[in-house]
Amino acid sequence: MTASSNCSPANGIDPQIREFARQLNAAYRSYGAVEDLSERRYIAEQVRRTWRIGGPKMVRSQDLTVNGLRARLHRPNWCEKSPAMLYIHGGGWMLFSIDTHDRLMREYAARAGIAVLGIDYSLSPEVKFPVAVNEIFAALQWMEAHGDALNLDTARLFIGGDSAGANLAVSACLMRREIGLRKVTGMVLNYGAFDPKPTASYALYSGPDHTLDAEEMTTFWEAYIGDLTQPMDPLAAPLRADLHDLPPTFLAIAEQDILADGNRAFAARLRHAGTDVVDVTYPGATHSFLEAVSIAPLASRALDDQAAWVMDRCKKP
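Residues numbered from 1 in each chain as written. Predicted model: local features only at pLDDT ≥ 70, side-chain atom pairs only at ≥ 80, totals over all residues. Heavy atoms only, no water.

1. Remarks on the packing of aromatic side chains
(1) Moving on: One pass over the structure, following the stated rule, counts ten aromatic pairs.
(2) Moving on: On the basis of an interplanar angle of 70° and a centroid distance of 6.4 Å, the ring pair of F158 and W309 is categorised as edge-to-face. With F158 in strand 5 (residues 152–162) and W309 in helix 10 (residues 297–315), the pair connects residues that are 151 residues apart, well separated along the chain.
(3) Moving on: Here F158 falls in the buried class, since its relative accessible area comes to 0%.
(4) Moving on: With a relative accessible area of 10%, W309 lands in the buried category.
(5) Moving on: Seen in terms of ring centroids, Y191 and F289 are 5.8 Å apart; in terms of plane orientation they differ by 55°. Their pairing is tilted. Here F289 lies in the loop between strand 8 (277–286) and helix 10 and Y191 lies in the loop between strand 6 (186–190) and helix 7 (200–204), a separation of 98 residues in the sequence. Here the two residues Y191 and F289 agree in accessibility, since each one is buried. (Phe/Tyr/Trp six-rings, centres within 6.5 Å; stacked < 30°, edge-to-face > 60°. Helix = DSSP H or I, 4+ residues; strand = E, 2+ residues; numbered from the N terminus. Buried < 20%, exposed > 50% of the residue type's maximum accessible area, 1.4 Å probe, protein only.)

Following this line, the structure appears as structure tokens:
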């Protein structure tokens, strides 16, 4: 399924998304070459700050501690019981935080009318797979255990994430399935990193006008799981997993993304396994394009599509 757009594949990147990528890449270049990981993380937080400020105002935002991890809960309203989403930030398992993704979480909260919780899971390479997956799995259980105290309707519980966060979201749901826990109401997945094997889209969309390149993605995978030549746990690369009996899924695919082929393959495998899947390819979109919501109608439309899907899922028994 492809979203309508005035930017066809032949025309390349959507103009506003191109400007987002230009500003992002220029900001990173202004810091020069950086090798130290702690400094890279600091710079990433600063570069992303422009794109996380502004946006919807919440009735309440709470900084919390979830199983020892820093967390933040956004609420756009205060009703008797609010559906909720655990949203997991991307960043190649190495970068970013609930701060870089704060606006994106608030956009979901406001547009879908739900509570959104984000957590700062442990980053690689200091820790490797499966530490982060276990933390996301435990965070879902924490939400269920504390739902009444937080005024959350845990019978309508979603999980979402972008890039590495989408990977972690799927793997947490696979873990729940394996031990017989109920399915969450839905997964909202954005341009996920589902397998380390390069595909044709790596060669097509790894240029300077994009927001993720092939070499960087390989670095992320190696930091997360180590030697890519060794047999790989399907929880690390969920495209290789048995995908039966997973929650209904909305998958946003960025057309101009090195991960586009992997996302299309993942949608096809979910559908073949019997999962209810809505997969939308957004023409002209690059990796991370949702963060451009302040300037890009395409990003806003994608968030509206997902919010409408979430609200529809909340109505189903």
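2. Quick notes on the sheet that holds strand 5
(1) Moving on: Within the open sheet, the eight strands sit side by side as 1-2-4-3-5-6-7-8. Their pairing is mixed. Among the strands making up the open sheet, the edge pair consists of strand 1 (60–66) and strand 8. In this sheet, neighbouring strand axes are inclined to one another by 20° on average, regardless of whether the strands run parallel or antiparallel.
(2) Moving on: Together, strand 1, strand 2 (69–75), strand 3 (82–88), strand 4 (115–119) and strand 5 form the strand contacts of helix 4 (residues 131–145), whose direction differs from that of strand 5 by roughly 155°. (Pairing = 2+ DSSP bridges. Axes fitted to C-alpha atoms, helices over the stretch in contact; angles between N-to-C directions. Contact = heavy atoms within 4.5 Å.)

3. Some remarks on the pairing of strand 3
(1) Moving on: Burial within strand 3 is extensive, with seven of its seven residues counted as buried.
(2) Moving on: Both faces of strand 3 are covered, namely the face carrying S82, A84, L86 and I88 and the face carrying P83, M85 and Y87.
(3) Moving on: The pairing of strand 3 with strand 5 spans six bridges and is classified as parallel. Bridge pairing links L86 to I159 in strand 5.
(4) Moving on: Bridge analysis of strand 3 against strand 4 gives four bridges, and the strand direction is parallel. Bridged to Y87 within strand 4 is G118.
(5) Moving on: As for the winding sense of the linkage, the β-α-β connection from strand 3 through helix 3 (residues 102–112) to strand 4 is right-handed. (Right-handed = clockwise from strand over helix to strand, strands pointing away.)

4. A few points about helix 3
(1) Moving on: Where burial is concerned, most of helix 3 is hidden: nine out of the eleven residues are buried.
(2) Moving on: Among the residues trailing helix 3, G113 stands out with phi positive, at a value near 70°.

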